[in-house]
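Observations on chain architecture
Chain by chain, the residues:
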Amino acid sequence: MNVLIHDLIAYAPQILAGLENTLLLAAIVSLTGFCGGIVVFSLTLSRSRLCRSITEGYISFFIGTPLLVHLFLMYYGLPELGLRISPLAAAAVGFTLNISAYNARHLMTAYRGLDRMELEAARAAGFTEPETFRLIVLPQALRLAVPALTNQATQNLKDTSVAFLIQYKEFFSQVQEVAATNFEFFRAYLFTGLVYLALVALIVVAARRLERRIALPGFSA
Amino acid sequence: MPLIECENLVKQFDGKPVLRGIDLVLNEGQVKVIMGPSGCGKSTLLRCLNLLDPPTSGRILFRGEDITRPGVDVRRLRQSIGFVFQHFALYRHLTVQENVTLGLRKIRKMGSRMAREKAVCELERVGMYEHRDKYPAQLSGGQKQRAAIVRALAMDPAVLFLDEPTSSLDPEMSREVVSVINKLFLDNVTMFCVTHDAFLAKYISDSVVFLDGGAVLAEDVAERLFYDHPDPRIRQFFLGVIDMR
Amino acid sequence: MSFWDILAVLAAGAGITLLLSVACMAAALAVGLAVALLSRSRWAPVQRLLVGFTFVFRGIPVLVLLFLVFFGLPGLGLRVPPFLSLVLTLGLVSGAYLAEIFRGAMNAVNREEVLAAEAAGMTRAQGFTYILLPQMFRFSIPGMINEFTAILKYTPFAYTVGIPEIMKRAMSLTPVILRGLEVYLAVGIVYYLIYKACVVIFSALEKRFRIPGLSAQER
């Protein structure tokens, strides 16, 4: 144990840089995935049948295939199209495509739980389609989807550990490098796990706060 | 001959008395209806008698045997008491026929063919044969309660306990169930029935027990209790119940 | 090497992917059921233990747990073979999620039906087996489909511990033919087909055994 603690202190800058990279990636893709999810969700409500089926095909494919495939496609695939990108960029694009699909599905589920009459009323009141979406559909769907969306954020944080497989220098990979110098693998992975648990606990607490703050009387998920 | 006797039966929930010393006798072939205002302990009484809620003190004799002393075979006792619930409590994942055969097969250890034959016979008795392959969700309220009664009867119990059998039904379905219970009454099935329903009480009972505040206030035949009892509290109660009909 | 050839190479690994998935699903089912059943106990230490269990295995990344089991445990003198490592990892993680699904489903079962079974003379164990369990399973179906497909999507991690499944084959193919885009697109297609097949089969089973008034949508 002492060896590991000693090494953790000795390699602290490297490990902290890894942690920073993990948080950076998680923050970026949670944000882009959130926005992407809203865009994709809005496309599923499009008037055009072609647009709807393409969108649904996209969602289905990205939910039906492993995250690792999306990351490898970006990391090994894009350079062949002449796009040379960094591991961070590859990870960001792969994750965004993946998370947007999941978030869009969360919003679709919430949308199905909405009161149809209210939407009819909005249209009858003379709101245009985009206005109805922006003022009525989206706020309510988002509110209903809060638990699913915050779960997704936790999932995103945990999933960033996969990015080390495409050479992104995130937290997990940095702890492993330290472990490779002293062969304390078990303790290193245990340490990694504990750090993730602490981060997840933080997100869960924040999510509870958010849920309480935006709760409306008589309106719950 | 007395089937069930209870002596000074007391039931408390967290020290709060619900039954305060009940003395009752139910003879074989007799039908007794228990009535009284909400919260008077009617349903608790039924649940105590088949030990779903063990009594706090007092004695219950079933065919002369004290069933409140330790070491009594509770499951055997319950097999002799059919129980019909207010909200039917049909097993939602089983068809009507399977609802009836499950107990026969698993409790009475009958073979599945014999259980099926027995179920069919009992279902015909209350006009539920044509609905035997339906699931509870596909039945009307009255059909559900009839199915629940068949399920209890098929076990050949010595007595049938009915806990508010018509309270969650609308008047028309309620009549349908009353006529089934009335038929059992005429067949001399021993019954203990808790209800709010004066109509049901009148058509199926040998006598009515009036329960208030966890104690027996009066016991008499329905007509006398309903229309000219000296106690003003009882008159008041039945005035309300019967006028509502 | 044509795209079809690539697909053929990958498809040869699909058998192992499927085998892995099924083994992990079975493990997850066992863990999930055990945890859900134990959580019915009113004993406080058990409750706390289960809360901890659920938090840990829902909070730890699958890849980290897999490495802990496969590369970490040998440091304690415990060597876990690759296949078993993945089954253990996903069994615990998905089991923790399934336990939550089962718990929710158990709360959806009408207590009075179980009471009715006991009032008729069934033992607690019989009421549990014949009434509670069958209904709980029906309410859990959508959640189970979700969790099982999640397992399928985690199986490519198996390549990191050297199991020759789809992803491992893809990785050994890429440096040979140097066409990553096509290879990983093909990997995506193979996984997507398996995913779709799973969803279709599970939904067909659900429909086949659906009972009016008891499907999760009507809950």
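These remarks concern the structure in this document. (Residues numbered from 1 in each chain as written. Chains lettered and ligands numbered in written order. Predicted model: local features only at pLDDT ≥ 70, side-chain atom pairs only at ≥ 80, totals over all residues. Heavy atoms only, no water.)

Let us look at the interface of chain A and chain C. Opposite the 36 residues of chain A that make contact, chain C presents 36 residues. Of the roughly 3,100 Å² buried between chain A and chain C, counting both surfaces, carbon and sulfur atoms make up 76%. Of all residues in chain A, Phe 186, Tyr 189 and Leu 197 of chain A give up the largest surface area on contact with chain C, accounting jointly for 19% of the area buried on that side. Inspection of the chain A/chain C interface yields zero salt bridges. Taken together, chain A and chain C are joined by eight residue pairs in polar contact (both at pLDDT 80 or more). Counting residues per element, the ones that place at least two in the side of chain A that touches chain C are helix 3 (49–64), helix 4 (67–77), helix 5 (87–112), helix 7 (129–159), helix 8 (171–182) and helix 9 (185–214) of chain A. With ten residues, the top contributor of residues to the side of chain A that touches chain C is helix 9 of chain A. Among the residues forming the side of chain A that touches chain C, the class breakdown is 23 nonpolar, nine polar and four charged. (Contact = heavy atoms within 4.5 Å. Buried area = accessible area lost by both parts, 1.4 Å probe. Salt bridge = Lys/Arg side-chain N within 4 Å of Asp/Glu carboxyl O. Polar contact = N/O pair within 3.5 Å; in protein donor to acceptor, adjacent residues only side chain to side chain. Helix = DSSP H or I, 4+ residues; strand = E, 2+ residues; numbered from the N terminus. Nonpolar A, V, L, I, M, F, W, Y, C, P; charged D, E, K, R; others polar.)

In this section: the sheet that holds strand 5 (residues 65–66) of chain B. Residues and elements named next belong to chain B. Strand order in the open sheet formed by four strands is 2-1-4-5, and the pairing between neighbours is antiparallel. For this open sheet the edge positions go to strand 2 (16–27) and strand 5, each flanked by a neighbour on one side alone. By the bridge criterion, nine bridges tie strand 1 (residues 2–13) to strand 2 in an arrangement that is antiparallel. Looking across to strand 2, one finds that Leu 9 is bridged to Ile 22. Across the face of the sheet, helix 1 (residues 42–49) comes into contact with strand 1, strand 2 and strand 4 (57–62) while running at roughly 115 degrees to strand 1. (Pairing = 2+ DSSP bridges. Axes fitted to C-alpha atoms, helices over the stretch in contact; angles between N-to-C directions.)

What follows covers unusual backbone geometry. Residue and element names in this part refer to chain B. Of note, the phi angle at Asp 156 is positive, near 50 degrees, even though the residue is not glycine. For Asp 156, the location among the structural elements is in the loop between helix 5 (141–153) and strand 7 (159–163). Residue Asp 156 is classed as partly exposed on the basis of its relative accessible area, which comes to 46%. One non-glycine residue, Asn 188, adopts positive backbone phi at about 65 degrees. Tracing the sequence through the fold places Asn 188 in the loop between helix 6 (171–186) and strand 8 (191–194). Owing to a relative accessible area of 54%, Asn 188 belongs among the exposed residues under this scheme. (Buried < 20%, exposed > 50% of the residue type's maximum accessible area, 1.4 Å probe, protein only.)

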